[in-house]
Amino acid sequence: MGELTGRDRAVLELEGRQWRTAGAKERAIREELGLSSTRYYQLLNGLLDRPEALAHAPVLVNRLRRVRVARRAAR
């Protein structure tokens, strides 16, 4: 196990924000992180499985894990 990088923490911080529109979030992903939306969600999904991310933002990570499980079950 390693520590979270600055980019990992930035991804979690950005995901924890409240967004008025989906476009605002996509724009922030590009402008603040310099990532495509696809790459952002790949990184975020990987972070959900890391204990360091859970320790850093337990409420956010647990909520996102529940959402992921519900979406997989709905398929």
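Below, the structure is looked at part by part.

Before going further, it helps to spend a moment on helix H3 (residues 37–47). Along H3, the residues classified as buried are Tyr 40, Leu 43, Leu 44 and Leu 47. Buried residues of H3, viewed axially, fall in a sector of 100°; they line one side. Each element contacted by the buried residues of H3 is listed here: helix H1 (6–16), helix H2 (22–33), helix H4 (51–56) and helix H5 (58–74).

At a closest axis distance of 10 Å, the pairing of H1 and H5 adopts a crossing angle of 75°. Relative to H5, the element H1 is oriented roughly perpendicular. Packed against H1, whose contacting residues are Leu 12, Glu 15 and Gly 16, the element H5 presents Leu 60, Val 61, Arg 63 and Leu 64 at the interface. For the contact of H1 with H5, the per-class residue count stands at 4 nonpolar, 1 polar and 2 charged.

Before going further, it helps to spend a moment on H1. Turning to H1, its buried residues number three or more, namely Asp 8, Val 11, Leu 12, Leu 14 and Glu 15. Angularly, the buried residues of H1 cover 165° about the axis, an arc narrow enough to put them on a single face. Check the buried side of H1 and you find it contacts H2, H3, H4 and H5.

Here the focus is the packing of H2 against H3. Axes are the key here: two packed helices are described by the angle between their axes and the distance separating the axes. Between H2 and H3, the least distance of the axes is 10 Å, while the angle of their chain directions is 85°. Considering the angle they form, H2 stands roughly perpendicular to H3. Residue-level inspection shows Lys 25, Glu 26, Ile 29 and Leu 33 of H2 in contact with H3, the latter providing Ser 37, Tyr 40 and Tyr 41. Grouping the amino acids of the contact of H2 with H3 by side-chain chemistry returns 4 nonpolar, 1 polar and 2 charged.

Attention now moves to the nonpolar core. Leu 12, Tyr 40, Leu 44, Leu 47 and Ala 53 are the most contacted members of the largest nonpolar core, which totals 17 residues. A total of 4 residues in this core trace back to one element, the largest contributor, which is H3. Sequence-distant contacts of Leu 47, that is, excluding residues within four places in its chain, are made with Leu 4, Asp 8, Val 11, Leu 12 and Ala 53.

What counts and how
- Residues numbered from 1 in each chain as written.
- Predicted model: local features only at pLDDT ≥ 70, side-chain atom pairs only at ≥ 80, totals over all residues.
- Heavy atoms only, no water.
- Buried < 20%, exposed > 50% of the residue type's maximum accessible area, 1.4 Å probe, protein only.
- Helix = DSSP H or I, 4+ residues; strand = E, 2+ residues; numbered from the N terminus.
- Arc of directions from axis to C-beta.
- Contact = heavy atoms within 4.5 Å.
- Axes fitted to C-alpha atoms, helices over the stretch in contact; angles between N-to-C directions.
- Parallel < 35°, antiparallel > 145°, perpendicular 65-115°, else oblique.
- Nonpolar A, V, L, I, M, F, W, Y, C, P; charged D, E, K, R; others polar.
- Core = buried A, V, L, I, M, F, W, Y, C linked by side-chain atoms within 4.5 Å.

Keep in mind that these numbers describe shape and distance, not what the molecule does.
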